[in-house]
Amino acid sequence: MTAPAHDFDADIIVVGAGPAGSCAAIAAAREGKSVILVERGPFPGSKNMYGGVVYPRILDELIPSWWETMPVQRWVVKRSTMLLSDTGALNVDFRANAWGAPPYNGATAYRPDFDNWLANHAVAAGARLVCSTTVTGLLRDSHGRIEGVSTDRPDGDLRAPIVIACDGVNSFLAKESGLYPHTDASNFTLGVKETLALPKHVIDERFGVRDNQGVDIEILGGTSGVNGGGFIYTNLDTVALGVVLKLPKLAAQQKRPEQIIAELKRHPAVAPLIEGAEVKEYSAHVIPEAGLEMMPTMVADGMLVAGDAAALCLAAGIWLEGVNFAMASGMYAGQAAAEAITKNDVSSRGLSGYTDRLEKTFVLRDHKKLRKVPHLVLSDRVQHKYPAFVAGVVERVFRVDNPHPKPGVRRIVREERKKAGIGLLDLLRDGWTGMRGFG
Amino acid sequence: MSHTARIERDNAWPEISFEERIGTAEFRIHEKAHITVNGDSCRGCTTRECVVACPANLFVPTSDGGILFNYENCFECGTCYLVCNKEGAISWTYPEGGYGIVFHRT
Ligand SMILES: Cc1cc2nc3c(=O)[nH]c(=O)nc-3n(C[C@H](O)[C@H](O)[C@H](O)COP(=O)(O)OP(=O)(O)OC[C@H]3O[C@@H](n4cnc5c(N)ncnc54)[C@H](O)[C@@H]3O)c2cc1C
Ligand code: SF4
Ligand code: SF4
């Protein structure tokens, strides 16, 4: 490992030991750089909450055979999308038992376990992990160049030529450095979640899985009229159930988040899955929801921003992926930072290897491809009219109304569309945006 | 299932109280408040976004038109400062390192 220049404590300071920060630290330490990883929680993951599924394929690069040691609850072999109207539900299921065997696809995991495991890999790679320490701001030299961070520890200044901000959705570091032009509440959703205890065999039976197989359900509708969505994930002996709610919409009505969860739990399609379960832990966290439209500048002289701090979370209806985007962007930031130290150029030009990597990989390509989807999924029509419309159509297609003959599907669609108050042009336009957006 | 049986089943599954709900999370409370709310700004606020949106229900309207705020059982989510439209009403920081919310099974 290279010794940092005399007045520096390290080559690179990484703020936040979430998935982005730990992968940044692993990548930079593997390149032989000295790294300090600062976390405000008493242990990595203690502050972090999410829905429940990690897609760790990107870890193949940093931790080969990660699945042998990763703290997994269940391997996801079934993905469902549930469209809820007031009383009905349309389920689209996909099952792939192959995902339950190496090299796997996605897994449910508790963040305190997962983040801790990942941070341990950073330590094993040579990074210094400092917990229970809140970073309070950036340090700058007499020329205004970033040269580290201040913390709430006595004599807590930490100096380094590069700071990687992996401090999550509220990123005060990115804001302090002026990388975020403004913060708009409509770009964020609040996620609230109940971890519900049920015996393992009950979960296996209700969700149609066995051993360590798990299920990932994304829900559209069922959020009491507040734009957002829901999710249900199976752990070994708990079920994670929650809702994500668009902030301005939540704030502009009368139902509190826990009441919206309670209504989702009472929905006839949801209640049988979780009946009798006891709330083990209640939790809340904010999600950067607007993708490309809210992303900050990610590189400044002496600084990189990765993960949720850079709004890299992909929240687009049937996908809610943030951990893999955080791990990838963190890894690329760590690699680019190491390169810049080697080249002895920590200016934004010297650090531009970071954005090059983001542009070339799924991190920004997925965001670009799906740039219109988050807004479409959270739009009023998709939220308030389509679930009832689709459920109405399907209900009538399957209803047997003898002695009446079956009505034509085209007629049902027309009638249900009118009943739901959806204009034909709007339907076509949304369909087109959806097809192009998801395509 | 008969109609009455259905109702009995719903009743047999009561919602927990908010205190019990918050009691499932661990908060390591520091003596210093990490969030403070400026009562004067709140007195003139008619929209009260924080009251319905704070997942920990920490903003309580008082009878004299103010807001009572207690930082202790806070998830550190950021919702309140994001939804509050009044400049200077909320001053928001993270708690001292090692303190505040500690998740275990999320
Ligand atoms: C309800 C909900 C459901 C979700 N579901 C999923 C899902 O199923 N799958 C998925 O992949 N993603 C999901 N996400 C998104 C995912 O959780 C995030 O995208 C991911 O955690 C981002 O990782 P990160 O490392 O960038 O940030 P974080 O995980 O937020 O980590 C940031 C770290 O920085 C630390 N920190 C912050 N400020 C400071 C400071 N000043 N000093 C020191 N340390 C600091 C924090 O304590 C934390 O450990 C969900 C999110 C929510 C809220
Ligand atoms: S905190 Fe903001 S939103 Fe809440 S009452 Fe005060 S001014 Fe209004
Ligand atoms: S940060 Fe979240 S939990 Fe804490 S007071 Fe604000 S809204 Fe409530």
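Worth saying up front: this structure is predicted, and the values here are computed from it rather than measured.

S.K.: Got a sec to walk through the overall build of chain B? Specific residues and values, please.
M.R.: Helix and strand counts for chain B stand at five helices and six strands. Reading the helices (α) and strands (β) of chain B from amino to carboxyl end gives α-α-β-β-α-α-β-β-α-β-β. Here chain B holds 106 residues, and the buried ones make up 46% of them. Considering only contacts in chain B between residues 6 or more positions apart, those separated by 24 or more positions represent 61%. Counting only carbon and sulfur atoms, one obtains 51% of the accessible surface of chain B, whose full area is about 5600 Å².

S.K.: Can you tell me about the packing of aromatic side chains, naming the residues and giving the values?
M.R.: Overall, the coordinates contain 18 aromatic pairs over all chains when judged by the stated rule. Aromatic pair W66 of chain A and W75 of chain A: ring centres 6.3 Å apart, planes at 45°, arrangement tilted. The residues W66 of chain A and W75 of chain A share a single accessibility class, namely buried. Every member of this aromatic cluster is reached through a ring pair, and the members are W66, W67, W75 and Y104 of chain A. Lying across the ring of Y94 of chain B, R40 of chain A places its NZ or CZ 3.7 Å from the centre. A cation over an aromatic ring shows up here: R111 of chain A above the ring of Y50 of chain A, its NZ or CZ 5.1 Å from the ring centre.

S.K.: Go over helix α2 (residues 111-124) of chain A with me, naming the residues and quoting the values.
M.R.: Residues and elements named next belong to chain A. The end-to-end C-alpha separation of α2 is 19 Å, in line with the 20 Å expected for 14 residues at 1.5 Å each. Regarding α2, the residues found buried are R111, P112, F114, D115, W117, L118, A119 and A122. The inward-facing, buried residues of α2 abut α1 (19-30), β2 (35-38), β3 (53-54), β7 (128-130) and α8 (323-343). A positive backbone phi angle near 115° is found at G126, which sits one or two residues after α2.

S.K.: Before we move on, could you go through the sheet that holds strand β10 (residues 158-159) of chain A and cite the residues and values that matter?
M.R.: Residues and elements named next belong to chain A. The strand order across the open sheet built from three strands is β8-β9-β10, with neighbouring strands paired in antiparallel fashion. Sheet topology places β8 (135-140) and β10 at the edges, where each strand pairs with a single neighbour. Summarising the sheet, strand β9 (residues 146-151) and β10 pair through two bridges and their orientation is antiparallel. The residue of β10 that forms the bridge with V149 is L158.

Calculation rules
Residues numbered from 1 in each chain as written. Chains lettered and ligands numbered in written order. Predicted model: local features only at pLDDT ≥ 70, side-chain atom pairs only at ≥ 80, totals over all residues. Heavy atoms only, no water. Helix = DSSP H or I, 4+ residues; strand = E, 2+ residues; numbered from the N terminus. Buried < 20%, exposed > 50% of the residue type's maximum accessible area, 1.4 Å probe, protein only. Contact = heavy atoms within 4.5 Å. Areas by Shrake-Rupley, 256 points an atom, 1.4 Å probe, with all protein chains shown as cover. Phe/Tyr/Trp six-rings, centres within 6.5 Å; stacked < 30°, edge-to-face > 60°. Lys NZ or Arg CZ within 6 Å of the ring centre and 35° of its normal. Expected span 1.5 Å × (residues − 1). Pairing = 2+ DSSP bridges.

Any link to function would need more than the numbers given here.
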